[in-house]
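Residue-level structure breakdown
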Amino acid sequence: MAATAFQFIKSNTVNVESKLRQISLTSVIKSFIIDMFCASAMDIASSMGIPVYCFFTSGAAVLALYSYFPKIHSETTSSFREMNGVEIVAPGNAPLEAVLMPEPVLVREDPAYWEMLYFCEHLSMAKGIVVNTFRELEVKAVKAVEDGDCFPDRKRTLPSIYCIGPLIADAQQSDEASDGKDCLSWLDKQPSKSVVYLCFGSRGSFSIAQLKEIAEGLERSGHRFLWVVKRPIQENHGTNQVDNTTGEFELSSVLPSGFIERTKERGLVVRSWAPQVEVLSRESVGGFVSHCGWNSVLEGVVAGVPMIAWPLYAEQHVNRNVMVEDMKVAVAVEQSEGDRFVSGEEVEKRVRELMESEKGTEIRERSLKFKDMARDAFGECGSSTKALSNLVQTWNEINPL
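Okay, so let's go over this structure.

As a further point, take the overall build of the protein. The secondary structure content of the protein amounts to 15 helices and 14 strands. The C-alpha radius of gyration of the protein comes to 22 Å, within 12% of the 21 Å expected for a compact globule of 401 residues. Projected onto its principal axes, the C-alpha positions of the protein cover 70 × 50 × 40 Å. For the protein, the proportion of its 401 residues judged to be buried stands at 54%. Long-range contacts, defined here as pairs at least 24 residues apart, represent 71% of the contacts in the protein between residues at least 6 apart.

Scanning the entire structure with this criterion turns up 18 salt bridges. Among the ionic pairs, Glu325 bridges to Arg320, the shortest N-O distance being 3.4 Å. Owing to a relative accessible area of 21%, Arg320 belongs among the partly exposed residues under this scheme.

Our focus in this paragraph is the environment of Asp43. By the secondary structure assignment, Asp43 is in helix α3 (residues 42-47). C-alpha of Asp43 to C-alpha of Thr13: the two residues are 30 residues apart in sequence and 9.8 Å apart in space.

A few words now on the sheet that holds strand β1 (residues 32-34). Within the open sheet, the four strands sit side by side as β1-β2-β5-β6. Their pairing is parallel. Each edge of the open sheet is held by one strand with a lone partner, namely β1 and β6 (160-163). Each adjacent strand pair in this sheet contributes to an overall mean axis angle of 25°, direction not counted. Two elements, strand β2 (residues 52-56) and strand β5 (residues 128-131), share four bridges in a ladder whose sense is parallel. Across the sheet, the residue bridging to Tyr53 is Gly128, located in β5.

Reading the values: the criteria
Residues numbered from 1 in each chain as written. Predicted model: local features only at pLDDT ≥ 70, side-chain atom pairs only at ≥ 80, totals over all residues. Heavy atoms only, no water. Helix = DSSP H or I, 4+ residues; strand = E, 2+ residues; numbered from the N terminus. Rg over C-alpha atoms; globule rule 2.2 N^0.38 Å. Buried < 20%, exposed > 50% of the residue type's maximum accessible area, 1.4 Å probe, protein only. Contact = heavy atoms within 4.5 Å. Salt bridge = Lys/Arg side-chain N within 4 Å of Asp/Glu carboxyl O. Pairing = 2+ DSSP bridges. Axes fitted to C-alpha atoms, helices over the stretch in contact; angles between N-to-C directions.

Structure follows, in structure tokens:
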């Protein structure tokens, strides 16, 4: 599936060239900004004398890993999925189990693996890389990228790095979603920092067996909670991603018998969706159980909410390492090998750890410091403001050929 999508993008390179040439007839193109998956358009723009910049929507740690991936590829011969007990070490990153590498590169024989290698090889060819992070959030990873430690070919001129984040969505209007209004109203009635919010992204879904373990863990924890439940996958264990997570289903049919009734005084379960930015901004929210998608990570950081890291797919295991080991704004759930199942006992343990323990208090204090840093990054003299100013100045200094 991924390889097909990547090939589709490549097949449209001719259309990109046609449009760039058309625009060039009436305007001066100072720069061409692409996603890393559009690397096939890089040669076209460069041949026209147009500087190419890559906008990298994940964080600096993932950028460092992907930039270093060609080197990792050259030193391995097996699929990462088969490399049990092996750790991948990339500059700017904590060691990562090989079996937890991002999905498109797990299987060497998969065409998507080779497409990803192509994309990653082209990262170093960009004039600059614009990253959705801020320097203070990922100090180690930003330094590794800026110093060029993660780029295998040190002979070429390295791309300039511009950290202009955190870029997150505005608070959504929930007028059209009764569940959204209901959960916000419910949160406003809860005590300060008392609610654990659980949401696993737009595509994250669980088996019914896993949902029941989460429910049992939440019930035993004794803490207030707001839980967004998506349509479950039809498996006995584990986690996955499904194309349609918003299909109709009855909550009572996928949760333990009587769970909603027993917890109604301290918990709220909503189906499929909640206005996350608004939820995280509520005073009553004291913890966030997240799938570690980068947008969600940044939203948690901006809100100053401590997190429980539960990665599911894509590059989320990399983000988990950053959250737990570098930022130290999260505790991580222990997942079983293979199906990555999490027991109810583990859910209860991590909720209590975040909400009750001394470690949880330390994480909360650190999260609030990062909230201030995120705000300051966009201040008049903030690091992200300066980076964006430098980027614009670079474009203004470009002379047309």
